[in-house]
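# Structural description and commentary
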Amino acid sequence: SQTIHQWPATLVQPVGSPLSLECTVEGTSNPNLYWYRQAAGRGLQLLFYSVGIGQISSEVPQNLSASRPQDRQFILSSKKLLLSDSGFYLCAWSSPARAPYEQYFGPGTRLTVT
Amino acid sequence: GEDVEQSLFLSVREGDSSVINCTYTDSSSTYLYWYKQEPGAGLQLLTYIFSNMDMKQDQRLTVLLNKKDKHLSLRIADTQTGDSAIYFCAESSAGRRALTFGSGTRLQVQP
């Protein structure tokens, strides 16, 4: 069966510091991968998605970047964090070839920028 | 662009039925989904419905789809305190990579 992992679970970082959040998927190959951000009490905002190694699409201009160095690894990064980067970051995967294209989510990383 | 809207809050008593509503704008939507998010956790897929269906039932969950009005609902029968969570509606269409999510409805179940 497929599983998706995210770490760390929680993170407190000062403004201006770098960021690296990692997401890995097991039990599937060539998944579509997604990064979402959920601000407190809000819905989900799609940040990045990837359909393959090295292929990243950005949905919104921002202070963050994403990379996919391996088929089942997705990394969210920042060189200098802003206060507005605080939130709950969720990674998700979906099968690219099989409808109904549902996405499966990791447990999330709660980031607080101080 | 695509838009999905939900009411923000719903409160029910334990044992009652809950109905969570959602509207969407994309007429080319192919699948519609309901996710559940418990505090501090990721989203859990509850169920989905194909756009050519008007109803789907799965144990205590019933999904109703009115494609003409672009209205989706999730009915939870015999609501329990463990059903307290945020429920997200989402939709997808052919050719679009990601789902479009609503802002979520917080369901509070009172004992």
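The following paragraphs examine the structure supplied in this document. (Residues numbered from 1 in each chain as written. Chains lettered and ligands numbered in written order. Predicted model: local features only at pLDDT ≥ 70, side-chain atom pairs only at ≥ 80, totals over all residues. Heavy atoms only, no water.)

### Examining the overall build of chain A
The line we're drawing: Helix numbers and strand numbers start at the N terminus; a helix is a DSSP run of H or I with at least 4 residues, a strand a run of E with at least 2. As defined in this context, the radius of gyration uses C-alpha atoms, and a globule is described by 2.2 Å times the residue total to the power 0.38. Accessibility here uses a 1.4 Å probe with only protein chains present; expressed as a share of the type maximum, an area under 20% marks a residue as buried, one over 50% as exposed, and anything in between as partly exposed. Residues count as neighbours in contact if any of their non-hydrogen atoms are within 4.5 Å of one another. Under the convention used here, a 1.4 Å probe and the Shrake-Rupley method define accessible areas, while residue burial counts only the protein chains that appear. Only four residue types enter the tally: Lys and Arg on the positive side, Asp and Glu on the negative side, with His and both chain ends excluded. For charged residues, the charge sits on one atom: NZ in Lys, CZ in Arg, CG in Asp, CD in Glu.
Looking only at helices and strands, chain A has zero helices and eleven strands in total. Element order for chain A, N to C, with α for helix and β for strand: β-β-β-β-β-β-β-β-β-β-β. Relative to a compact globule of 114 residues, whose C-alpha radius of gyration would be 13 Å, chain A shows 14 Å and is just as compact. In chain A, which comprises 114 residues, the share counted as buried stands at 49%. Across chain A, the fraction of contacts at a sequence separation of at least 24, relative to all contacts at a separation of at least 6, is 54%. Entry remark: accessible area of chain A is about 5,300 Å², with carbon and sulfur atoms responsible for 52%. Across chain A, 8 positive and 6 negative side-chain charges occur, with their mean positions spaced 7 Å apart.

### Side note on the overall build of chain B
Within chain B, the secondary structure is distributed over zero helices and eleven strands. Each helix (α) and strand (β) of chain B, taken in turn from the N terminus, gives the series β-β-β-β-β-β-β-β-β-β-β. Over its C-alpha atoms chain B spans a radius of gyration of 13 Å, differing by no more than 12% from the 13 Å that the globule rule assigns to 111 residues. Projecting the C-alpha coordinates of chain B onto the three principal axes gives extents of approximately 45 × 30 × 20 Å. Taking all 111 residues of chain B together, the buried fraction comes to 46%. Nonlocal contacts in chain B, meaning residues at least 24 apart in sequence, comprise 56% of its contacts between residues at least 6 apart.

### Regarding the packing of aromatic side chains
For any pair of aromatic rings, the description rests on two quantities: the centre-to-centre distance and the angle between the ring planes. The cut-off we apply is this: To pair, rings of Phe, Tyr and Trp, with the six-membered ring standing in for Trp, must have centres within 6.5 Å; the planes then decide the type, stacked if under 30 degrees apart, edge-to-face if over 60, and tilted in the middle.
By the definition in use, this model includes 13 aromatic pairs over all chains. Ring geometry for tyrosine 36 of chain A against phenylalanine 101 of chain B: centres 5.6 Å apart, planes inclined by 85 degrees, an arrangement best described as edge-to-face. With tyrosine 36 of chain A in strand β4 (residues 32-38) and phenylalanine 101 of chain B in strand β10 (residues 100-101), this pair bridges two chains. Exposure class is identical for tyrosine 36 of chain A and phenylalanine 101 of chain B. Each is buried. Between phenylalanine 105 of chain A and phenylalanine 101 of chain B the ring centres are 5.8 Å apart and the planes differ by 75 degrees, which places this aromatic pair in the edge-to-face class.

### Points about the pattern of salt bridges
For the record, the criterion: One side-chain nitrogen of Lys or Arg within 4 Å of one carboxyl oxygen of Asp or Glu is enough to make a salt bridge.
Per the stated rule, a full pass over the model turns up five salt bridges over all chains. Between aspartate 71 of chain A and arginine 68 of chain A there is a salt bridge, with the nearest N and O atoms lying 3.3 Å from each other. Across the pair lysine 68 of chain B and aspartate 69 of chain B runs a salt bridge whose closest N-O atoms are separated by 3.6 Å. For lysine 68 of chain B, a relative accessible area of 73% gives the class exposed.

### Digging into the sheet that holds strand β8 (residues 71-76) of chain B
Sheet strands line up and pair through hydrogen bonds in the backbone, either parallel or antiparallel. All names here are of chain B. Spelled out, the test is: If DSSP finds at least two bridges between two strands, the strands pair. All axes are obtained by fitting lines to C-alpha atoms, using only the stretch in contact for helices, and the reported angles, taken between N-to-C directions, cover 0 to 180 degrees.
The strand order β1-β3-β8-β7-β6 describes an open sheet built from five strands, whose pairing is antiparallel. Where the open sheet ends on each side, the last strands, each with one partner, are β1 (4-6) and β6 (55-58). With direction set aside, neighbouring strand axes in the sheet form an average angle of 15 degrees. Sheet topology places strand β3 (residues 18-24) next to β8; six bridges connect them, and they run antiparallel. Of the residues in β8, the one forming a bridge with cysteine 22 is leucine 72.

Read these as layout, nothing more, since geometry by itself doesn't imply function.
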